[in-house]
Amino acid sequence: LALALVMILGVASAFADVKVAFSQIGQESDWRTANTDSINGAVKGHEGWELIYDDAQQKQENQIKALRNFITQGVDFILFTGVVETGWEEVLKEVNEAEIPLILIDRMPDCMDKIEYAAAFGGDFVEEGRRQVAWAGEYLKSIGRGEEEVNVAIMEGTTGAGAQVGRTKGNLAAMEAYPNLKLVAQNTGNFTRAEGQALMESWLKSVDKIDVLIAQNDDMALGAIDAIKGAGLVPGKDIIIVGCDSVKAAFDAIVAGEMNATIECTPLYGPFVVDAIEKLIAGEDLGKELIHPVEGVYDIDGGIDCGNGAVSVKAADVINERQY
Ligand code: GZL
């Protein structure tokens, strides 16, 4: 029976009229899991489409191998997000030479202007980083602490990742607008909860005083909360904590008063990818524009104006609508 099943599945996959290959970075965060689930669900949910998935475990060499395997397999489309920005030009040109349409999602390669790609969709990381610091600066003003010097620590994502490079750029640019914010620590927690906890534990021993933590994703913020509690401090009060991604666990922490805000960066690219592939199959040219999703800011009370039209929304009011 098992043999028959394998044969049937084998034959069925041979008839899948669209093979979509996805080079995914890894499983480092709730955001990444939600991103994989969104694309997996959308592609597999499409009649006659097959998803060929590779998890690179956050290693660039594994992504390069996967891309070359996809070329050998003769897939119809390749979805790609790079663990880091650099080192992709050679292999992405091989994808171009194989004439396989490339859809860039999430973290963009730094060679975008040197390769061919059929569509691009991802977060505006510089704006997300700017919003993190702007939220903190405006929140401090709203509680009467806009004048006092406040010590800020920036916990960065995976070093060299587009999301880290962009968010750090946005973080530091926004610090200029709030002279009361003083940067006292900056290091990477690699976008994981465990490494965020470890980094916060080391900072609590080595840094005189941290008043605000800017964590470039919610998983690191949640790890930092564990470390703060372990040190006998009160997260959300003794240290103000601003995350990024807006995953469900962050909403739970905000409603519990242990985290103060999170900046949205949606992982739900599945519908975008399916729509793009359908249009490409129909012969449409989708252009080169990097499409950014519209995104929000969520915190304990709402009403904090972060600039660029971003006013925070009360987490408790929308927690039941969260999709990831
Ligand atoms: C952002 C994405 C980042 C998330 C992290 O688009 O690349 O990678 O912010 C994830 O949670 O690890």
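Residues numbered from 1 in each chain as written. Predicted model: local features only at pLDDT ≥ 70, side-chain atom pairs only at ≥ 80, totals over all residues. Heavy atoms only, no water.

Visitor: Mind showing me how you'd approach empty space enclosed by the protein here?
Guide: Where empty space is left can be seen by rolling a probe of water-molecule size over the atoms. Inspection of the entire model under this criterion finds one cavity of 30 Å³ or more. Estimated volume of the largest cavity: approximately 110 Å³. Lining of the largest cavity is provided by 13 residues; of these, Trp-31, Arg-32, Arg-107, Arg-167 and Asp-245 occupy positions nearest its centre. Sorting the residues of the lining of the largest cavity by element identifies helix 2 (30-44) and helix 6 (162-175) as the ones contributing at least two each. Looking at side-chain class alone, the lining of the largest cavity contains five nonpolar, two polar and six charged residues. (1 Å grid on protein atoms, 1.4 Å probe; cavity = no way out; pocket = protein on both sides within 12 Å on 5 of 7 lines; lining within 4 Å. Points joined across faces, edges and corners; volume = space filled by probe spheres on them. Helix = DSSP H or I, 4+ residues; strand = E, 2+ residues; numbered from the N terminus. Nonpolar A, V, L, I, M, F, W, Y, C, P; charged D, E, K, R; others polar.)

Visitor: Got a minute to help me understand the layout of surface pockets in this structure?
Guide: Computed from the structure, the largest pocket encloses a volume of approximately 160 Å³. Those elements that provide at least two residues to the lining of the largest pocket are helix 5 (125-142) and helix 6. The element contributing the most residues to the lining of the largest pocket is helix 6, with four residues. Here the lining of the largest pocket is built from residues that sort into five nonpolar, four polar and five charged.

Visitor: When you look at the side chain of Ser-38 in this model, what are you seeing that I'm missing?
Guide: Note that Ser-38 resides in helix 2. Residue Ser-38 is classed as buried on the basis of its relative accessible area, which comes to 14%. If we skip the residues at most four places from it in the chain, Ser-38 touches Pro-267, Leu-268, Tyr-269, Gly-270 and Pro-271. (Buried < 20%, exposed > 50% of the residue type's maximum accessible area, 1.4 Å probe, protein only. Contact = heavy atoms within 4.5 Å.)

Visitor: Mind showing me how you'd approach the packing of aromatic side chains here?
Guide: Working definition: an aromatic ring pair is given by the centre-to-centre distance plus the angle between the planes. Counted by the stated rule, this structure contains seven aromatic pairs. Arranged with centres 5.9 Å apart and planes meeting at 80°, the rings of Trp-31 and Tyr-269 form a pair that is edge-to-face. With Trp-31 in helix 2 and Tyr-269 in the loop between strand 10 (261-264) and helix 10 (270-281), this residue pair connects regions lying 238 residues apart in the sequence. Of the two residues examined, Trp-31 and Tyr-269, each falls in the buried class. (Phe/Tyr/Trp six-rings, centres within 6.5 Å; stacked < 30°, edge-to-face > 60°.)

Visitor: How do you make sense of the state of the cysteines when you look at a structure like this?
Guide: Linking two cysteines covalently through their sulfur atoms gives a disulfide. Under the counting rule described, the total for this entry stands at zero disulfides. For Cys-265, which is in no disulfide, the shortest distance to another cysteine sulfur is to Cys-244 and amounts to 5.7 Å. The exposure class of Cys-265 is buried, given its relative accessible area of 1%. Cysteine Cys-306 shares no disulfide, and the gap to the nearest cysteine sulfur, in Cys-244, comes to 12 Å. Judged by its relative accessible area of 2%, Cys-306 falls in the buried class. (Disulfide = S-S within 2.5 Å.)

Visitor: Could you clarify how one ought to interpret the site of the ligand in this entry?
Guide: The immediate surroundings of the ligand are formed by 13 residues, with Glu-28, Asp-106, Arg-107, Arg-167 and Asp-245 found nearest. In this structure, an oxygen atom belonging to the ligand sits 2.6 Å away from a side-chain N or O atom of Glu-28. Here an oxygen atom of the ligand and a side-chain polar atom of Ser-29 are 3.0 Å apart. Relative to its unbound accessible area of 320 Å², the ligand is 100% covered by the protein chains. For the shell around the ligand, the secondary-structure elements that each account for two or more residues are helix 2 and helix 6. Among the residues making up the shell around the ligand, the classes are represented as five nonpolar, two polar and six charged. (Near = heavy atom within 4 Å. Polar contact = N/O pair within 3.5 Å; in protein donor to acceptor, adjacent residues only side chain to side chain. Areas by Shrake-Rupley, 256 points an atom, 1.4 Å probe, with all protein chains shown as cover.)

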